[in-house]
Amino acid sequence: MTSGDRCLIYRIYLIYRIYSIYNNYIIDNDMIYHHHYLSHRDRRRAALVAVSALLTFASCEKAITDEQTGKTASVTADAANVVLRMTTPEDNSRWDGTSRAANASPASAAHAAGATRAAVPIVQIATRLSVVVFAADGSKVQTIVQTLDKQTDDFGTVGLQLAAGDYRVVCIAHSGEGNCTVSSEDKVTFHNNKVTDTFAYCGTLSIADAADRQTIDITLHRCVARFRLVLTDDELPARLSQMKLYYLGGSSTFSPALGWGIVQSKQTELRQVGQDGPRVLDIYTFPHEEDDRLTRLTVTALDADGQTLKERVFENVPVAVNETTQYEGQFFGPGGSAGGDAMTLTADGEWGATHRYSY
(Lines give C-alpha, C1' and ligand atoms only; values in the text may rest on other atoms or scores of the structure.)
Protein backbone atom coordinates (compact mmCIF):
# COMPACT_ATOMS: atom_id res chain seq x y z
CA MET A 1 0.00 0.00 0.00
CA THR A 2 1.44 3.36 -1.01
CA SER A 3 1.48 6.49 1.15
CA GLY A 4 -1.13 7.95 -1.21
CA ASP A 5 -3.48 5.00 -0.54
CA ARG A 6 -3.06 5.42 3.21
CA CYS A 7 -3.84 9.11 2.94
CA LEU A 8 -7.04 8.38 0.95
CA ILE A 9 -8.22 5.85 3.55
CA TYR A 10 -7.58 8.32 6.35
CA ARG A 11 -9.53 11.04 4.53
CA ILE A 12 -12.54 8.69 4.20
CA TYR A 13 -12.25 7.87 7.90
CA LEU A 14 -12.29 11.56 8.85
CA ILE A 15 -15.31 12.29 6.64
CA TYR A 16 -17.19 9.43 8.28
CA ARG A 17 -16.14 10.73 11.70
CA ILE A 18 -17.61 14.17 10.92
CA TYR A 19 -20.88 12.51 9.84
CA SER A 20 -20.96 10.42 13.02
CA ILE A 21 -20.37 13.44 15.25
CA TYR A 22 -23.27 15.33 13.75
CA ASN A 23 -25.51 12.29 14.31
CA ASN A 24 -24.41 11.78 17.92
CA TYR A 25 -22.27 8.77 17.10
CA ILE A 26 -18.86 8.48 18.76
CA ILE A 27 -16.13 6.34 17.21
CA ASP A 28 -13.78 4.80 19.73
CA ASN A 29 -11.23 2.06 19.07
CA ASP A 30 -12.93 1.03 15.84
CA MET A 31 -16.26 0.45 17.65
CA ILE A 32 -19.31 2.68 17.12
CA TYR A 33 -21.55 3.69 20.01
CA HIS A 34 -24.68 5.79 20.03
CA HIS A 35 -24.92 8.61 22.59
CA HIS A 36 -27.44 11.36 23.24
CA TYR A 37 -25.48 13.60 25.59
CA LEU A 38 -23.61 15.68 22.98
CA SER A 39 -25.01 19.20 22.72
CA HIS A 40 -25.29 20.98 19.39
CA ARG A 41 -22.38 23.25 20.39
CA ASP A 42 -20.22 20.22 21.33
CA ARG A 43 -21.01 18.57 18.01
CA ARG A 44 -20.06 21.71 16.07
CA ARG A 45 -16.82 22.07 18.03
CA ALA A 46 -15.82 18.43 17.53
CA ALA A 47 -16.70 18.59 13.86
CA LEU A 48 -14.52 21.66 13.38
CA VAL A 49 -11.59 19.77 14.90
CA ALA A 50 -12.19 16.87 12.54
CA VAL A 51 -12.47 19.19 9.53
CA SER A 52 -9.15 20.80 10.48
CA ALA A 53 -7.53 17.38 10.65
CA LEU A 54 -9.04 16.48 7.28
CA LEU A 55 -7.59 19.60 5.67
CA THR A 56 -4.22 18.87 7.22
CA PHE A 57 -4.04 15.28 6.04
CA ALA A 58 -5.52 16.15 2.66
CA SER A 59 -2.10 17.53 1.82
CA CYS A 60 -0.18 14.51 3.10
CA GLU A 61 1.00 13.79 -0.44
CA LYS A 62 3.85 16.29 -0.45
CA ALA A 63 4.85 18.36 -3.42
CA ILE A 64 7.60 16.79 -5.47
CA THR A 65 10.91 18.60 -5.13
CA ASP A 66 14.55 17.81 -5.62
CA GLU A 67 14.79 17.13 -1.90
CA GLN A 68 12.32 14.23 -2.13
CA THR A 69 12.63 12.54 -5.49
CA GLY A 70 14.64 12.48 -8.68
CA LYS A 71 17.93 12.15 -6.82
CA THR A 72 20.42 9.54 -7.93
CA ALA A 73 23.69 8.57 -6.38
CA SER A 74 26.88 9.59 -8.07
CA VAL A 75 28.04 6.51 -9.98
CA THR A 76 31.43 5.06 -9.19
CA ALA A 77 34.46 6.25 -11.10
CA ASP A 78 34.70 2.90 -12.91
CA ALA A 79 31.08 3.06 -14.09
CA ALA A 80 31.02 6.75 -15.00
CA ASN A 81 31.73 8.05 -18.47
CA VAL A 82 31.81 11.63 -17.14
CA VAL A 83 33.45 12.72 -13.90
CA LEU A 84 32.96 16.30 -12.70
CA ARG A 85 35.41 17.75 -10.19
CA MET A 86 34.24 20.91 -8.44
CA THR A 87 36.55 23.77 -7.49
CA THR A 88 36.40 27.53 -7.05
CA PRO A 89 39.10 30.12 -7.82
CA GLU A 90 41.34 30.94 -4.88
CA ASP A 91 40.60 34.66 -5.16
CA ASN A 92 36.87 34.11 -5.78
CA SER A 93 37.05 37.00 -8.21
CA ARG A 94 33.81 38.55 -9.37
CA TRP A 95 32.29 37.85 -12.72
CA ASP A 96 33.79 40.18 -15.34
CA GLY A 97 32.30 41.90 -18.38
CA THR A 98 32.62 38.81 -20.57
CA SER A 99 29.71 37.34 -18.65
CA ARG A 100 27.37 39.64 -20.57
CA ALA A 101 28.39 38.24 -23.97
CA ALA A 102 25.60 36.91 -26.14
CA ASN A 103 24.52 33.35 -25.35
CA ALA A 104 26.99 33.06 -22.47
CA SER A 105 25.82 32.91 -18.88
CA PRO A 106 27.85 34.66 -16.17
CA ALA A 107 28.65 31.33 -14.57
CA SER A 108 29.95 29.70 -17.75
CA ALA A 109 31.95 32.81 -18.68
CA ALA A 110 33.46 32.91 -15.21
CA HIS A 111 34.40 29.26 -15.57
CA ALA A 112 36.35 30.02 -18.73
CA ALA A 113 37.97 33.12 -17.21
CA GLY A 114 38.93 31.37 -13.99
CA ALA A 115 40.27 28.13 -15.43
CA THR A 116 43.88 29.23 -15.14
CA ARG A 117 43.63 30.59 -11.58
CA ALA A 118 44.59 28.63 -8.51
CA ALA A 119 41.69 26.39 -7.53
CA VAL A 120 40.25 25.56 -4.12
CA PRO A 121 38.25 22.33 -3.57
CA ILE A 122 34.57 22.85 -2.89
CA VAL A 123 34.96 20.92 0.35
CA GLN A 124 36.71 23.97 1.82
CA ILE A 125 33.89 26.44 1.18
CA ALA A 126 30.56 24.54 1.21
CA THR A 127 28.75 21.70 2.94
CA ARG A 128 26.09 20.92 0.31
CA LEU A 129 26.37 20.39 -3.43
CA SER A 130 23.59 19.93 -5.99
CA VAL A 131 24.35 18.90 -9.57
CA VAL A 132 21.46 18.74 -12.05
CA VAL A 133 21.77 17.65 -15.68
CA PHE A 134 19.13 18.88 -18.14
CA ALA A 135 18.38 17.59 -21.62
CA ALA A 136 18.15 19.95 -24.58
CA ASP A 137 14.38 20.25 -24.07
CA GLY A 138 14.83 21.37 -20.44
CA SER A 139 13.76 18.09 -18.84
CA LYS A 140 15.83 16.72 -15.96
CA VAL A 141 18.10 13.84 -16.77
CA GLN A 142 19.84 13.42 -13.45
CA THR A 143 19.94 15.09 -10.02
CA ILE A 144 22.73 14.42 -7.56
CA VAL A 145 22.92 15.90 -4.06
CA GLN A 146 25.97 15.58 -1.84
CA THR A 147 26.22 16.51 1.82
CA LEU A 148 29.63 16.98 3.39
CA ASP A 149 28.87 15.26 6.68
CA LYS A 150 27.64 12.15 4.87
CA GLN A 151 30.00 11.96 1.90
CA THR A 152 33.29 13.31 3.14
CA ASP A 153 35.41 11.08 0.91
CA ASP A 154 34.06 12.12 -2.49
CA PHE A 155 32.38 15.45 -1.74
CA GLY A 156 32.85 17.67 -4.80
CA THR A 157 33.47 14.82 -7.24
CA VAL A 158 30.45 13.63 -9.22
CA GLY A 159 30.29 10.63 -11.54
CA LEU A 160 27.71 10.55 -14.35
CA GLN A 161 26.62 7.95 -16.87
CA LEU A 162 25.21 9.83 -19.85
CA ALA A 163 24.23 8.91 -23.38
CA ALA A 164 25.71 10.80 -26.31
CA GLY A 165 24.18 14.25 -26.74
CA ASP A 166 24.23 17.83 -25.53
CA TYR A 167 23.23 18.69 -21.97
CA ARG A 168 23.02 21.71 -19.68
CA VAL A 169 24.57 21.33 -16.24
CA VAL A 170 23.78 23.39 -13.13
CA CYS A 171 25.97 23.08 -10.04
CA ILE A 172 25.16 24.85 -6.76
CA ALA A 173 27.41 24.72 -3.68
CA HIS A 174 26.27 26.28 -0.40
CA SER A 175 26.13 25.73 3.35
CA GLY A 176 22.41 25.94 4.09
CA GLU A 177 20.55 23.76 6.57
CA GLY A 178 18.71 21.94 3.77
CA ASN A 179 19.22 21.09 0.11
CA CYS A 180 18.37 23.62 -2.55
CA THR A 181 15.81 22.87 -5.27
CA VAL A 182 17.04 23.31 -8.85
CA SER A 183 13.83 23.60 -10.86
CA SER A 184 15.59 24.68 -14.06
CA GLU A 185 18.71 26.52 -15.14
CA ASP A 186 16.64 29.68 -14.58
CA LYS A 187 15.40 28.98 -11.05
CA VAL A 188 17.00 27.73 -7.85
CA THR A 189 15.32 28.06 -4.45
CA PHE A 190 16.76 27.34 -1.02
CA HIS A 191 15.56 25.62 2.13
CA ASN A 192 13.30 28.02 4.08
CA ASN A 193 14.46 30.79 1.69
CA LYS A 194 17.69 31.11 3.69
CA VAL A 195 20.72 32.22 1.67
CA THR A 196 24.28 31.38 2.71
CA ASP A 197 27.59 31.84 0.93
CA THR A 198 26.74 30.29 -2.46
CA PHE A 199 28.72 29.28 -5.53
CA ALA A 200 27.30 28.36 -8.95
CA TYR A 201 28.09 27.02 -12.38
CA CYS A 202 25.83 26.78 -15.44
CA GLY A 203 27.16 25.49 -18.73
CA THR A 204 26.92 23.04 -21.61
CA LEU A 205 28.18 19.45 -21.53
CA SER A 206 28.58 17.61 -24.83
CA ILE A 207 29.00 13.83 -25.05
CA ALA A 208 30.16 12.79 -28.53
CA ASP A 209 30.56 9.10 -27.73
CA ALA A 210 29.17 7.49 -24.58
CA ALA A 211 32.01 4.95 -24.71
CA ASP A 212 34.59 7.69 -24.18
CA ARG A 213 35.41 8.58 -20.60
CA GLN A 214 36.18 12.18 -19.70
CA THR A 215 37.03 14.08 -16.53
CA ILE A 216 36.01 17.74 -16.40
CA ASP A 217 37.05 20.37 -13.88
CA ILE A 218 34.11 22.62 -13.11
CA THR A 219 34.83 26.04 -11.57
CA LEU A 220 32.03 27.45 -9.46
CA HIS A 221 31.98 31.17 -8.69
CA ARG A 222 30.46 33.06 -5.82
CA CYS A 223 27.06 34.49 -6.78
CA VAL A 224 25.99 36.31 -3.62
CA ALA A 225 26.59 39.67 -2.00
CA ARG A 226 27.35 39.89 1.71
CA PHE A 227 26.19 42.51 4.19
CA ARG A 228 28.28 42.64 7.35
CA LEU A 229 27.33 44.45 10.56
CA VAL A 230 30.20 45.05 12.99
CA LEU A 231 29.35 46.14 16.54
CA THR A 232 32.14 48.24 18.07
CA ASP A 233 30.31 49.19 21.26
CA ASP A 234 32.54 48.97 24.32
CA GLU A 235 29.65 47.46 26.20
CA LEU A 236 26.50 45.75 24.99
CA PRO A 237 23.17 45.95 26.87
CA ALA A 238 22.90 43.23 29.50
CA ARG A 239 19.47 42.21 28.17
CA LEU A 240 20.64 41.82 24.56
CA SER A 241 19.86 38.34 23.22
CA GLN A 242 19.73 38.55 19.43
CA MET A 243 19.76 40.86 16.43
CA LYS A 244 17.07 40.74 13.75
CA LEU A 245 17.98 41.88 10.26
CA TYR A 246 14.98 42.43 7.98
CA TYR A 247 15.72 43.60 4.47
CA LEU A 248 13.97 44.39 1.19
CA GLY A 249 15.38 44.57 -2.31
CA GLY A 250 17.49 41.42 -2.41
CA SER A 251 16.51 37.97 -3.66
CA SER A 252 16.43 34.48 -2.16
CA THR A 253 15.78 32.86 -5.56
CA PHE A 254 18.63 32.54 -8.04
CA SER A 255 18.93 32.09 -11.82
CA PRO A 256 22.13 30.17 -12.69
CA ALA A 257 21.68 31.03 -16.37
CA LEU A 258 21.51 34.77 -15.68
CA GLY A 259 23.73 34.85 -12.62
CA TRP A 260 21.35 37.10 -10.65
CA GLY A 261 18.44 36.98 -8.24
CA ILE A 262 15.06 36.83 -9.94
CA VAL A 263 12.49 37.73 -7.26
CA GLN A 264 11.96 40.65 -4.89
CA SER A 265 12.34 39.07 -1.47
CA LYS A 266 11.51 40.08 2.05
CA GLN A 267 14.21 38.35 4.03
CA THR A 268 14.61 38.05 7.79
CA GLU A 269 17.64 36.73 9.63
CA LEU A 270 18.13 36.30 13.38
CA ARG A 271 21.61 36.25 14.89
CA GLN A 272 22.37 35.32 18.49
CA VAL A 273 24.42 38.01 20.23
CA GLY A 274 25.49 38.29 23.84
CA GLN A 275 28.12 39.84 26.03
CA ASP A 276 30.61 37.20 24.93
CA GLY A 277 28.96 36.47 21.58
CA PRO A 278 30.02 37.46 18.07
CA ARG A 279 30.33 41.14 17.20
CA VAL A 280 30.35 40.47 13.44
CA LEU A 281 27.01 39.54 11.81
CA ASP A 282 26.81 38.44 8.16
CA ILE A 283 23.82 38.02 5.86
CA TYR A 284 23.76 37.05 2.18
CA THR A 285 21.52 37.85 -0.78
CA PHE A 286 21.41 37.46 -4.56
CA PRO A 287 21.61 40.88 -6.25
CA HIS A 288 19.32 41.42 -9.24
CA GLU A 289 22.32 42.54 -11.26
CA GLU A 290 26.00 42.72 -10.51
CA ASP A 291 25.59 45.99 -8.61
CA ASP A 292 22.33 46.39 -6.72
CA ARG A 293 20.82 47.93 -3.59
CA LEU A 294 18.88 46.73 -0.60
CA THR A 295 16.09 49.27 -0.59
CA ARG A 296 15.55 49.04 3.15
CA LEU A 297 17.45 47.24 5.90
CA THR A 298 16.05 47.27 9.44
CA VAL A 299 18.31 46.06 12.23
CA THR A 300 16.59 45.42 15.56
CA ALA A 301 18.22 44.50 18.87
CA LEU A 302 16.00 42.16 20.91
CA ASP A 303 16.02 40.80 24.44
CA ALA A 304 15.23 37.20 25.38
CA ASP A 305 11.48 37.99 25.38
CA GLY A 306 11.58 39.48 21.89
CA GLN A 307 11.25 43.06 23.15
CA THR A 308 12.99 45.77 21.12
CA LEU A 309 15.99 47.38 22.76
CA LYS A 310 17.04 49.52 19.81
CA GLU A 311 16.36 49.68 16.08
CA ARG A 312 18.15 51.25 13.14
CA VAL A 313 16.92 51.62 9.56
CA PHE A 314 19.29 51.89 6.60
CA GLU A 315 18.01 52.66 3.11
CA ASN A 316 19.51 52.08 -0.36
CA VAL A 317 22.35 49.91 0.93
CA PRO A 318 24.71 49.14 -1.99
CA VAL A 319 25.47 45.46 -2.57
CA ALA A 320 27.44 43.70 -5.32
CA VAL A 321 28.23 40.14 -6.33
CA ASN A 322 31.31 38.82 -4.51
CA GLU A 323 31.66 41.97 -2.39
CA THR A 324 31.02 42.77 1.24
CA THR A 325 29.17 45.90 2.29
CA GLN A 326 30.21 46.61 5.86
CA TYR A 327 28.52 48.82 8.43
CA GLU A 328 30.79 49.36 11.39
CA GLY A 329 30.22 51.47 14.47
CA GLN A 330 28.61 51.80 17.89
CA PHE A 331 25.13 50.42 17.41
CA PHE A 332 23.98 51.28 20.95
CA GLY A 333 26.33 54.16 21.67
CA PRO A 334 28.87 54.47 24.51
CA GLY A 335 28.07 52.17 27.41
CA GLY A 336 25.29 50.47 25.50
CA SER A 337 22.96 53.44 25.81
CA ALA A 338 20.91 55.09 23.08
CA GLY A 339 22.57 57.53 20.72
CA GLY A 340 25.97 57.33 19.05
CA ASP A 341 24.57 57.31 15.51
CA ALA A 342 27.88 57.93 13.72
CA MET A 343 28.83 54.80 11.77
CA THR A 344 31.10 54.17 8.80
CA LEU A 345 30.14 52.18 5.71
CA THR A 346 32.91 50.38 3.83
CA ALA A 347 33.27 47.40 1.53
CA ASP A 348 35.51 44.51 2.47
CA GLY A 349 38.16 44.06 -0.22
CA GLU A 350 38.60 40.39 0.67
CA TRP A 351 35.79 39.47 -1.67
CA GLY A 352 36.43 42.04 -4.43
CA ALA A 353 37.07 45.71 -5.10
CA THR A 354 37.04 48.13 -2.14
CA HIS A 355 34.46 50.93 -1.98
CA ARG A 356 33.99 53.51 0.76
CA TYR A 357 30.85 55.44 1.54
CA SER A 358 29.78 57.91 4.18
CA TYR A 359 26.34 58.91 5.46
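The structure under discussion appears in the preceding block.
In this text, all values refer to a predicted model and were calculated from it rather than measured experimentally.

*Asks:* Tell me about the overall build of the protein chain, residues and numbers included.
*Replies:* When you go through the protein chain residue by residue, the secondary structure sums to three helices and 24 strands. Residue burial in the protein chain is summarised as follows: out of 359 residues, 47% are buried. Considering only residue pairs separated by 6 or more positions, the protein chain has 70% of its internal contacts joining residues 24 or more positions apart. Roughly 18300 Å² of accessible area belongs to the protein chain as shown, and the carbon and sulfur atoms make up 50% of that amount.

*Asks:* Give me the lowdown on the pairing of strand β9 (residues 181-184), citing residues and values where you can.
*Replies:* Two strands pair when backbone bridges link them, and β9 and strand β10 (residues 187-189) are joined in this way by three bridges, in the antiparallel orientation. Within β10, the position partnered with Val-182 by the bridge is Val-188. Where β9 folds back on β10, the antiparallel hairpin that results is connected by two residues.

*Asks:* For the nonpolar core, give the residues involved together with the corresponding values.
*Replies:* Membership of the largest hydrophobic core comes to 25 residues, with the highest contact counts inside it found for Leu-84, Met-86 and Leu-220. Where this core is concerned, the elements lending two or more residues are β3 (82-89), β5 (128-134), β7 (157-160), β8 (165-174), β11 (199-207) and β12 (214-219). Residues in contact with Leu-220, not counting those within four places in the same chain, are Met-86, Thr-87, Thr-88, Pro-89, Ile-122, Leu-129, Cys-171, Ile-172, Ala-173, Phe-199, Ala-200 and Tyr-201. Counting 22 residues, the second-largest nonpolar core is a separate cluster that includes Leu-231, Leu-236, Leu-281 and Leu-294.

*Asks:* Explain the sheet that holds strand β18 (residues 266-272) residue by residue, including any values.
*Replies:* If you trace the four strands from one edge of the open sheet to the other, you get β18-β15-β20-β21, paired in antiparallel fashion. With partners counted over all chains shown, the strands left at the sheet margins are β18 and β21 (308-320), one partner each. Neighbour-to-neighbour, the strand axes of this sheet turn through a mean angle of 20°, independent of strand direction. Here strand β15 (residues 240-248) runs beside strand β20 (residues 291-303); their pairing, made up of eight bridges, is antiparallel. Paired with Lys-244 across the two strands is Thr-300, which belongs to β20.

*Asks:* Lay out the sheet that holds β8 with the relevant residues and their values.
*Replies:* One key point about sheets: their strands pair by backbone hydrogen bonds, in either a parallel or an antiparallel sense. The strand order across the open sheet formed by five strands is β6-β5-β8-β11-β13, and the pairing between neighbours is antiparallel. Unpaired on one side and paired on the other, β6 (140-147) and β13 (221-222) mark the two borders of the sheet. As paired strands, β5 and β6 are joined by seven bridges and run antiparallel to one another. Paired with Phe-134 across the two strands is Lys-140, which belongs to β6.

*Asks:* How would you explain the pattern of salt bridges if you had to name every residue and give the values?
*Replies:* If charged atoms from side chains of opposite charge come close, those side chains can pair. This model, assessed by the stated rule, comprises eight salt bridges. For the salt bridge of Asp-282 with Arg-228, the shortest nitrogen-to-oxygen distance reads 2.8 Å. Residue Asp-282 is located in strand β19 (residues 280-285), and its partner Arg-228 is located in strand β14 (residues 225-231); the two are separated by 54 residues in the primary sequence. Overall, the relative accessible area of 17% leaves Asp-282 in the buried class. Judged by relative accessible area, Arg-228 falls into the buried class, the value being 16%. Residues Glu-315 and Arg-296 are paired through a salt bridge, measuring 2.9 Å at the closest nitrogen-oxygen approach. Here Arg-296 lies in strand β20 and Glu-315 lies in strand β21, a separation of 19 residues in the sequence.

*Asks:* Please provide a residue-by-residue account of a nonpolar patch on the surface, values included.
*Replies:* A surface patch of nonpolar side chains, about 220 Å² in accessible area, is lined by Leu-258, Ile-262 and Val-263. Assignment of secondary structure puts Val-263 in the loop between β17 (260-261) and β18. Judged by its relative accessible area of 31%, Val-263 falls in the partly exposed class.

*Asks:* Describe in detail the side chain of Arg-222, supporting the description with residues and values.
*Replies:* Residue placement: Arg-222 occurs in strand β13. Side chain to side chain, Arg-222 and Asp-197 meet in a polar contact 2.9 Å long. Only 2.8 Å separates the side chain of Arg-222 from the side chain of Asn-322, close enough to count as a polar contact.

*Asks:* Provide a residue-level description of the environment of Val-317, including the pertinent values.
*Replies:* With respect to the element layout, Val-317 can be found in strand β21. Setting aside anything within four residues of it in sequence, one finds Val-317 in contact with Phe-227, Asp-292, Arg-293, Leu-294, Leu-297, Thr-325 and Tyr-327.

*Asks:* Give a description of the layout of surface pockets that names residues and reports values.
*Replies:* Here the largest pocket defines a volume of roughly 250 Å³. In terms of lining, the largest pocket is formed by 14 residues, of which the most central are Gly-176, Glu-177, Lys-194, Thr-196 and Glu-269. A per-class count over the lining of the largest pocket returns three nonpolar, seven polar and four charged.

*Asks:* Before we move on, can you summarise the state of the cysteines with the specific residues and values?
*Replies:* Tallying each qualifying case throughout the model produces zero disulfides. Cys-171 takes part in no disulfide bond, and the closest cysteine sulfur, belonging to Cys-202, lies 8.9 Å away. Judged by relative accessible area, which is 0%, Cys-171 ranks as buried.

*Asks:* Give a detailed account of the packing of aromatic side chains, specifying residues and quantitative values.
*Replies:* Taken as a whole, this structure holds five aromatic pairs when the rule is applied. An angle of 50° between the planes, with centres 5.1 Å apart, marks the rings of Phe-227 and Tyr-327 as tilted. Residue Phe-227 is found in strand β14, and its partner Tyr-327 is found in strand β22 (residues 324-329); the two are separated by 100 residues along the sequence. Accessibility classification places Phe-227 together with Tyr-327 in one group, the buried group. What links up through ring pairs into an aromatic cluster is the set Phe-190, Phe-254 and Phe-286. The side chain of Arg-312 reaches across the aromatic face of Phe-331, ending 5.2 Å from its centre.

Thresholds applied
- Residues numbered from 1 in each chain as written.
- Predicted model: local features only at pLDDT ≥ 70, side-chain atom pairs only at ≥ 80, totals over all residues.
- Heavy atoms only, no water.
- Helix = DSSP H or I, 4+ residues; strand = E, 2+ residues; numbered from the N terminus.
- Buried < 20%, exposed > 50% of the residue type's maximum accessible area, 1.4 Å probe, protein only.
- Contact = heavy atoms within 4.5 Å.
- Areas by Shrake-Rupley, 256 points an atom, 1.4 Å probe, with all protein chains shown as cover.
- Pairing = 2+ DSSP bridges.
- Core = buried A, V, L, I, M, F, W, Y, C linked by side-chain atoms within 4.5 Å.
- Axes fitted to C-alpha atoms, helices over the stretch in contact; angles between N-to-C directions.
- Salt bridge = Lys/Arg side-chain N within 4 Å of Asp/Glu carboxyl O.
- Patch = residues over 30% accessible without salt bridge, like charges linked within 9 Å, V, L, I, M, F, W, Y side chains within 5 Å.
- Polar contact = N/O pair within 3.5 Å; in protein donor to acceptor, adjacent residues only side chain to side chain.
- 1 Å grid on protein atoms, 1.4 Å probe; cavity = no way out; pocket = protein on both sides within 12 Å on 5 of 7 lines; lining within 4 Å.
- Points joined across faces, edges and corners; volume = space filled by probe spheres on them.
- Nonpolar A, V, L, I, M, F, W, Y, C, P; charged D, E, K, R; others polar.
- Disulfide = S-S within 2.5 Å.
- Phe/Tyr/Trp six-rings, centres within 6.5 Å; stacked < 30°, edge-to-face > 60°.
- Lys NZ or Arg CZ within 6 Å of the ring centre and 35° of its normal.

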